[in-house]
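Here is what each chain is made of, one letter per residue.
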Amino acid sequence: MLKKYQELLDSLNEKQQRYTNLNLKNPKNGQYLLCVFHFVPGNNLNVLQAATEIAAESSTGTNFTVQTETDFSHEMNALVYKLDLKKELVWIAYPWRLFDRGGNIQNILTYIVGNVLGMKQIDALKLLDVWFPPAMLEQYDGPSYTLDDMKKYLGIKGRPVLGTIIKPKMGLTSAEYAEVCYNFWKGGGDFVKNDEPQANQDFCPYDKMVAHVKEAMDKVVKETKKKKVHSFNVSAADFDTMIERCELIKNSGFELGSYAFLIDGITAGWMAVQTLRRRYPDVFIHFHRASHGAYTRPENPIGFTVLVLSKFARLAGASGIHTGTAGVGKMKGSPKEDIIPANNILHLIAKGQFFEQSWAKVPTNSKSMLKLVKEDSHHHVILEDDSWRGIKKCAPIISGGLNPTKLKPFIDLAGTTDFITTMGAGVHAHPDGTEAGAKALIQACEAYMKKISIEKYGKTHNELARAIKFFSNK
Ligand code: CAP
Ligand code: MG
């Protein structure tokens with residue numbers, strides 16, 4: 001072992017020694033959930049002393065050895081198993097039996113990014129990537145109703161689901177809200193979502209909003225003969241009210257597939273996300289990530305990345321989660337921050353920033369099965385037999401400052417059209433209004449599919465031309 005590492009090991013006290021094994025053989029042996037953190041020690045500790053304090057606090061320990069420890073409790077200790085002193089990285093292996101059986105995301109996050117984020121022993125601690133062992137994948141729900149199901153319902157192939165968020169963000173009456181939905185759908189749009197703060201405001205009562213949306217949807221489906229989807233924000237103060245909202249929507253006469261449940265996953269919490277997934281397996285569960293920036297922004301040294309958030313959302317069973325526009329829209333982001341997560345939640349096998357995650361327990365001795373998994377990464381035929389099951393795809397939802405002129409630039413960056421895009425201002429700021437904004441979005445997508453520049457296509461499609469003029473260089 002390198003002298004430097006030996007010196008670090010020699011500096012550990014008896015308790016700290018129990019939370020490291022720099023010779024851990026084959027951490028991917030299936031016994032551990034693996035984490036890699038960017039990590040800067042604090043409180044005058046060296047990197048290994050501080051890292052083992054983190055491993056202790058995020059698994060079985062505290063700041064002293066306690067008299068009540070047992071041989072078995074020591075087996076549940078998280079282990080610092082690798083360091084990169086130059087890049088300030090630390091790898092920690094968590095025995096997955098530590099976690100609440102039956103697949104509980106909030107429990108895992110309470111361990112690995114819980115108290116440790118507040119400890120004196122760190123000046124920086126950011127969870128960059130995470131790796132789930134096959135045995136854990138079996139315990140977690142994963143998505144049920146997927147983007148494939150939504151595209152099938154909408155009759156869409158080979159292009160993104162084209163959506164909007166109703167704007168202004170708040171302040172419309174339920175009738176005004178539904179009229180904007182109607183206009184977007186009339187212009188050819190597929191998908192409308194409530195904005196993330198939409199709830200039961202006195203000027204737009206929840207039940208009236210649902211009823212008016214139903215009317216608008218029925219009218220436009222009859223006129224256009226095209227299916228439409230509305231994603232209702234069911235986030236609420238308490239569990240009962242959330243379920244009440246879901247049941248109200250379910251019992252308002254909407255066809256299955258024509259509605260999704262949106263949940264503000266960070267502010268409403270993981271229990272809400274997993275409850276919706278388990279109670280409504282035949283509904284698209286739409287994870288909005290408002291507040292994620294407190295954890296994920298790259299300039300924030302303490303928290304976790306968009307990649308980690310997105311992987312846990314897939315494990316929890318969200319059908320889709322906002323993954324950012326890689327800097328193309330109004331939110332901060334980059335391909336590394338936003339496209340890697342999108343790939344990690346779409347495919348059955350995907351490279352993260354540090355780990356390659358297979359989302360299916362595939363018998364490695366089965367060449368044909370491995371071939372199927374590799375080929376199948378776009379279709380996700382999940383074989384439920386005694387050999388393997390896969391965690392279905394979770395859809396990247398691409399939003400935040402996009403407009404029709406930014407659709408192709410994003411697709412070119414992402415390298416896929418397997419996503420939902422929701423453009424708010426990008427549709428409703430169109431100089432000729434929402435219906436024209438929708439048409440411009442559809443035309444921008446048509447241009448992309450026909451491999452024609454939007455400028456050229458705009459020559460014969462006025463709404464797109466007007467959008468280009470209005471949005472370019474803004
Ligand atoms: C977008 C949006 C979304 C953000 C979320 C908003 O509106 O409705 O909530 O995009 O960001 O309220 O800003 P615009 P992200 O289309 O008018 O920007 O998708 O990055 O989580
Ligand atoms: Mg919003």
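Here goes a summary of the coordinates provided. Everything numeric here is computed off the predicted structure, so don't read it as measured data.

## Description of the overall build of the protein
Line of reasoning, step 1. Along the protein, the regular secondary structure elements total 21 helices and 15 strands.
Line of reasoning, step 2. Here the protein has a C-alpha radius of gyration of 24 Å; the compact-globule value for 474 residues is 23 Å, and the two agree.
Line of reasoning, step 3. Projected onto its principal axes, the C-alpha coordinates of the protein cover approximately 75 × 50 × 45 Å.
Line of reasoning, step 4. In the protein, which comprises 474 residues, the proportion classed as buried is 57%.
Line of reasoning, step 5. Within the structure as shown, the protein displays about 20000 Å² of accessible surface, and the carbon and sulfur contribution to it stands at 52%.

## A few points about the sheet that holds strand β14 (residues 395-399)
Note: strands within a sheet are paired through backbone hydrogen bonds, in either parallel or antiparallel orientation.
Line of reasoning, step 1. Taken together, the 8 strands give a closed barrel; going around it, the order is β5-β6-β7-β8-β9-β11-β14-β15, and neighbouring strands pair in parallel fashion. Looking at each pair of strands side by side, their axes are set apart by 25° on average, direction ignored.
Line of reasoning, step 2. Where strand β9 (residues 284-288) and strand β11 (residues 320-322) come together, 2 bridges link them in parallel fashion. Within the sheet, the bridge partner assigned to H286 lies in β11 and is G320.

## Let's talk about empty space enclosed by the protein
Line of reasoning, step 1. All chains considered together, the criterion is met by 1 cavity of 30 Å³ or more.
Line of reasoning, step 2. Reported here for the largest cavity is a volume of approximately 40 Å³.
Line of reasoning, step 3. As for the largest cavity, its lining consists of I166, P168, K169, M170, G171, L172, Y177 and Q198.
Line of reasoning, step 4. The residue makeup of the lining of the largest cavity, split by class, is 5 nonpolar, 2 polar and 1 charged.

## Brief notes about the sheet that holds strand β10 (residues 302-304)
Line of reasoning, step 1. Spatial strand order, β2-β3-β1-β4-β10: 5 strands in an open sheet with mixed pairing. Each of the sheet's edge strands pairs with one partner strand only, and the pair in question is β2 (79-84) and β10. Averaged over all neighbouring strand pairs, the angle between strand axes comes to 20°, with direction disregarded.
Line of reasoning, step 2. In the packing of helix α3 (residues 47-57) onto the sheet, contacts are made with β1 (32-41), β2, β3 (89-95) and β4 (122-131), and the angle to β1 comes to roughly 135°.
Line of reasoning, step 3. Helix α5 (residues 105-112) contacts β1, β3 and β4 of the sheet and is inclined by roughly 35° relative to β1.

## Remarks on the packing of aromatic side chains
Line of reasoning, step 1. Inspection of every chain in the model, using the stated rule, returns 12 aromatic pairs.
Line of reasoning, step 2. With a centroid separation of 4.4 Å and an interplanar angle of 15°, the aromatic rings of Y295 and F304 are classed as stacked.
Line of reasoning, step 3. Of the residues examined, F304 reaches a relative accessible area of 6% and is grouped as buried.
Line of reasoning, step 4. Summarising the aromatic geometry, the rings of F410 and F419 are spaced 5.3 Å apart at their centres and angled 85° between planes, so their arrangement reads as edge-to-face.
Line of reasoning, step 5. Taken together, the ring pairs connect F232, F254, Y259, F261 and Y280 into an aromatic cluster.
Line of reasoning, step 6. Directly above the ring of F254 sits K214, whose terminal nitrogen or CZ lies 6.0 Å from the centroid.

## Some remarks on the site of ligand 1
Line of reasoning, step 1. Surrounding ligand 1, one finds 16 residues, the nearest of these being K169, R289, K330, G401 and G424.
Line of reasoning, step 2. With respect to ligand 1, the side chain of H288 contributes an N or O atom lying 2.8 Å from an oxygen atom.
Line of reasoning, step 3. A distance of 2.8 Å separates an oxygen atom of ligand 1 from a polar side-chain atom of R289.
Line of reasoning, step 4. Contact with the protein chains removes 95% of the 480 Å² of surface that ligand 1 exposes when unbound.
Line of reasoning, step 5. Placement of ligand 1 is best described as lying within the largest pocket.
Line of reasoning, step 6. Looking at side-chain class alone, the shell around ligand 1 contains 4 nonpolar, 6 polar and 6 charged residues.

## Re the layout of surface pockets
Line of reasoning, step 1. In this structure, the largest pocket spans a volume of roughly 620 Å³.
Line of reasoning, step 2. Taken together, 34 residues make up the lining of the largest pocket; nearest its centre are K330, M331, S399, G400 and G401.
Line of reasoning, step 3. Going through the elements one at a time, α13 (293-296), α15 (335-346) and α18 (425-428) are the ones with two or more residues in the lining of the largest pocket.
Line of reasoning, step 4. Here the lining of the largest pocket is composed, by residue class, of 8 nonpolar, 13 polar and 13 charged.

## Description of the pairing of β2
As a general feature of sheets, a regular strand has side chains that alternate between the two faces.
Line of reasoning, step 1. Taken across its 6 residues, β2 has 5 buried, putting it largely inside the fold.
Line of reasoning, step 2. With 5 bridges connecting them, β2 and β3 associate as antiparallel partners. Opposite L79, over in β3, you have A93 as the bridge partner.
Line of reasoning, step 3. Taken together, β2 and the strand that follows it, β3, pair antiparallel across an intervening segment of 4 residues, in which E88 is found at a positive phi of about 55°.

## Some thoughts on the pairing of β3
Line of reasoning, step 1. Burial analysis of β3 places 7 of its 7 residues in the buried class, which makes it a mostly covered element.
Line of reasoning, step 2. Going residue by residue along β3, you find L89, W91, A93 and P95 tucked away on one face and V90, I92 and Y94 tucked away on the opposite face as well.
Line of reasoning, step 3. Pairing of β1 with β3, which is carried by 7 bridges, proceeds in the antiparallel orientation. Across the sheet, residue C35 finds its bridge partner in β3, namely I92.

## Notes on the nonpolar core
Line of reasoning, step 1. Counting residues in each nonpolar core, the largest one holds 110 residues, and the members touching the most others are L33, F39, Y94, F261 and F312.
Line of reasoning, step 2. Look past the residues within four positions of F261 in its chain and what remains in contact with it is S231, F232, V234, C246, I249, K250, L276, Y280, V283, F284, I285 and H286.
Line of reasoning, step 3. Formed by 14 residues, the second largest nonpolar core is a distinct cluster that contains Y145, M150, V229 and I420.

## Observations concerning the pattern of salt bridges
Line of reasoning, step 1. Taken as a whole, this structure holds 22 salt bridges when the rule is applied.
Line of reasoning, step 2. Close ionic contact of D141 with R278 constitutes a salt bridge, the shortest N to O distance being 2.8 Å. Within this pair, whereas D141 is found in the loop between α6 (134-137) and α7 (147-154), its partner R278 is found in helix α12 (residues 270-279), the two being separated by 137 residues in sequence.
Line of reasoning, step 3. With a relative accessible area of 43%, R278 lands in the partly exposed category.
Line of reasoning, step 4. Residue E255 is joined to K227 by a salt bridge in which the shortest nitrogen-to-oxygen separation is 2.9 Å. Of this pair, E255 sits in the loop between α10 (239-250) and β8 (259-264) while K227 sits in the loop between α9 (206-224) and β7 (229-233), and the two are 28 residues apart along the sequence.
Line of reasoning, step 5. A single salt-bridge network, built from bridges that share partners, covers D148, K151, K393 and D418.

Definitions and limits used
- Residues numbered from 1 in each chain as written.
- Chains lettered and ligands numbered in written order.
- Predicted model: local features only at pLDDT ≥ 70, side-chain atom pairs only at ≥ 80, totals over all residues.
- Heavy atoms only, no water.
- Helix = DSSP H or I, 4+ residues; strand = E, 2+ residues; numbered from the N terminus.
- Rg over C-alpha atoms; globule rule 2.2 N^0.38 Å.
- Buried < 20%, exposed > 50% of the residue type's maximum accessible area, 1.4 Å probe, protein only.
- Areas by Shrake-Rupley, 256 points an atom, 1.4 Å probe, with all protein chains shown as cover.
- Pairing = 2+ DSSP bridges.
- Axes fitted to C-alpha atoms, helices over the stretch in contact; angles between N-to-C directions.
- 1 Å grid on protein atoms, 1.4 Å probe; cavity = no way out; pocket = protein on both sides within 12 Å on 5 of 7 lines; lining within 4 Å.
- Points joined across faces, edges and corners; volume = space filled by probe spheres on them.
- Nonpolar A, V, L, I, M, F, W, Y, C, P; charged D, E, K, R; others polar.
- Contact = heavy atoms within 4.5 Å.
- Phe/Tyr/Trp six-rings, centres within 6.5 Å; stacked < 30°, edge-to-face > 60°.
- Lys NZ or Arg CZ within 6 Å of the ring centre and 35° of its normal.
- Near = heavy atom within 4 Å.
- Polar contact = N/O pair within 3.5 Å; in protein donor to acceptor, adjacent residues only side chain to side chain.
- Sits in = over half its atoms within 2 Å of the grid points.
- Core = buried A, V, L, I, M, F, W, Y, C linked by side-chain atoms within 4.5 Å.
- Salt bridge = Lys/Arg side-chain N within 4 Å of Asp/Glu carboxyl O.

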